[in-house]
Amino acid sequence: NSSIKKFKARFCARGDTQIEGVDVFETYAPVVAWSTVRMLMTMAVQLELHTRTCDISNAFVSAVLKSNEEIYLEMPRGFQEDGMVYKLKKSLYGLWQSPKLFFDHLHLKLVDVMEFKQSDHDKCLFYRGNVIVVSFVDDLLFFSPDSKAIDDTLTELEGNFNITKDDEGQDVFAYLGIEVRREQDEDGKLQISLHQPGLT
């Protein structure tokens, strides 16, 4: 309805001043393929899987900079102290390498700490027991036949990240701007359709 949901401010680095090979090296970060999401939605219908989403708040600032990346920055106008610059210890919004550093951090937590396995076919698909999770930067989508297993996984994630659960206690109704609609056909079977009304 075009009303303001919230006001938000963020301290960002000026990535336009970075120099490749000096303070930035690798920048590529994978995101889940839409073919993977569509396949999992199809499985959700056929296997009656529960779905949930969550968003990791302030995701990029949770990742630690690599030892070979020394980055210094000035505070914005109005907060500057004469001659002072600050050395970053963690990633920051605006840096070229922030998405890659965050994905590495997420991978570390999911695989090394929470003992998920990573798919060989889509690097943003992780699975453990009967829970599947896919990641598109800081937006996670979960699938499982057991809603409690998803809740337990989300509780574990809260021990590692500051997360926002978008659809508390119910199946996903939207993911990355795509509406997820559930309907029953004439035979009473569940159907899931994906819609992007913003493009119509």
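What comes next concerns the included structure.

Calculation rules
Residues numbered from 1 in each chain as written. Predicted model: local features only at pLDDT ≥ 70, side-chain atom pairs only at ≥ 80, totals over all residues. Heavy atoms only, no water. Helix = DSSP H or I, 4+ residues; strand = E, 2+ residues; numbered from the N terminus. Contact = heavy atoms within 4.5 Å. Areas by Shrake-Rupley, 256 points an atom, 1.4 Å probe, with all protein chains shown as cover. Lys, Arg positive; Asp, Glu negative; His and termini not counted. Charge placed at Lys NZ, Arg CZ, Asp CG, Glu CD. Pairing = 2+ DSSP bridges. Buried < 20%, exposed > 50% of the residue type's maximum accessible area, 1.4 Å probe, protein only. Salt bridge = Lys/Arg side-chain N within 4 Å of Asp/Glu carboxyl O.

Summing up its helical and strand segments, the chain has 3 helices and 11 strands in all. Walking the chain from its N terminus toward its C terminus, one meets helices and strands in the order α-β-β-β-α-β-β-β-β-α-β-β-β-β. On the principal axes, the C-alpha backbone points of the chain span a range of 70 × 40 × 30 Å. Intrachain contacts of the chain at a sequence separation of at least 6 include 65% that bridge at least 24 residues. Summing over all exposed atoms, the chain offers an accessible surface of approximately 12500 Å²; the carbon and sulfur share of this is 50%. Within the chain, one finds 22 positive and 32 negative side-chain charges whose respective centroids are separated by 3 Å.

Next up on the list: the pairing of strand β11 (residues 190-195). The sheet contact formed by strand β10 (residues 178-184) and β11 spans 6 bridges and is antiparallel. Each bridged residue has a counterpart across the sheet, and for R182 the counterpart in β11 is I192. The antiparallel hairpin formed by β10 and β11 contains 5 residues in its connecting segment, where G188 sits at a positive phi of about 85 degrees.

With respect to the helices and strands, the residue D139 is situated in strand β7 (residues 139-144). Of the side chains with opposite charge, K8 comes closest to the buried, unpaired D139, at an N-O distance of 9.7 Å. In this structure D139 touches C54, D55, V134, Y175 and L176, once residues within four positions along its chain are discounted.

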